[in-house]
Amino acid sequence: MSRPYPREALSIFRQILRIHRENLPPPMRALGDNYVRDEMRRHRDAQTSNTQWQTFVKEWKTYRDMLTGKADLQNKGGGIHPDVLAAMTPEQKQQFLDLREETQKLAAALGIPDSKTS
């Protein structure tokens, strides 16, 4: 059986949902909220080590900071670090590609230019 969320993970989850509510247009908010809830639920229900929790929380903090403009990202385009990509399972890679495709479709529908071409 999995352990409960660390307090920090629950706090980040709430902060992200609040930031989505305050800053994202409805279609992007729905997509983001569903994704965050799903990821939190999956991680909670998995056999998760302390190291995995630390990494999980760290990545969500980076996302939170990116949304609020506080992120100190080397790659402003939002790309994924090659080491992170190499550590992903084939299922995770496919999920990442599916998410990227859906966000690109949504951005195009909302008239948001592709960050790689602007």
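Located above this text is the structure these notes cover.
Residues numbered from 1 in each chain as written. Predicted model: local features only at pLDDT ≥ 70, side-chain atom pairs only at ≥ 80, totals over all residues. Heavy atoms only, no water.

Caption draft 1: Here's a closer look at the pattern of salt bridges. Considering all chains together, one arrives at eight salt bridges under this definition. Its salt-bridge partner being E8, residue K61 comes within 2.3 Å of it at the nearest N-O pair. Remark: E8 occurs in helix α1 (residues 7-23) and K61 occurs in helix α3 (residues 50-68); sequence separation between them is 53 residues. With a relative accessible area of 26%, K61 lands in the partly exposed category. Between R29 and D33 there is a salt bridge, and its shortest N-O distance comes to 3.3 Å. One end of the pair, R29, and the other, D33, are both in helix α2 (residues 26-45), four residues apart, so they sit about a helical turn from each other. (Salt bridge = Lys/Arg side-chain N within 4 Å of Asp/Glu carboxyl O. Helix = DSSP H or I, 4+ residues; strand = E, 2+ residues; numbered from the N terminus. Buried < 20%, exposed > 50% of the residue type's maximum accessible area, 1.4 Å probe, protein only.)

Caption draft 2: Region of the structure containing the nonpolar core. Core analysis: the biggest nonpolar cluster contains eleven residues, these being A9, I12, F13, I16, L17, V36, M40, W53, F56, V57 and W60. Among the secondary structure elements, those contributing two or more residues to this core are α1, α2 and α3. Per-element accounting of this core gives the leading share, five residues, to α1. Sequence-distant contacts of F56, defined by excluding residues within four places in its chain, comprise E39, M40 and H43. (Core = buried A, V, L, I, M, F, W, Y, C linked by side-chain atoms within 4.5 Å. Contact = heavy atoms within 4.5 Å.)

Caption draft 3: Spatial organisation of the packing of α2 against helix α5 (residues 90-110). The geometry of α2 relative to α5 is characterised by a closest axis approach of 10 Å and an angle of 165 degrees between their N-to-C directions. Considering the angle they form, α2 stands roughly antiparallel to α5. The two elements α2 and α5 cross, and the hand of that crossing is left-handed. In contact with P27, M28, L31, Y35, E39 and R42 of α2, α5 contributes Q95, L99, T103, L106 and L110. Of the residues belonging to the contact of α2 with α5, the class tally is seven nonpolar, two polar and two charged. (Axes fitted to C-alpha atoms, helices over the stretch in contact; angles between N-to-C directions. Parallel < 35°, antiparallel > 145°, perpendicular 65-115°, else oblique. Left-handed = near helix turned anticlockwise from the far one by under 90°. Nonpolar A, V, L, I, M, F, W, Y, C, P; charged D, E, K, R; others polar.)

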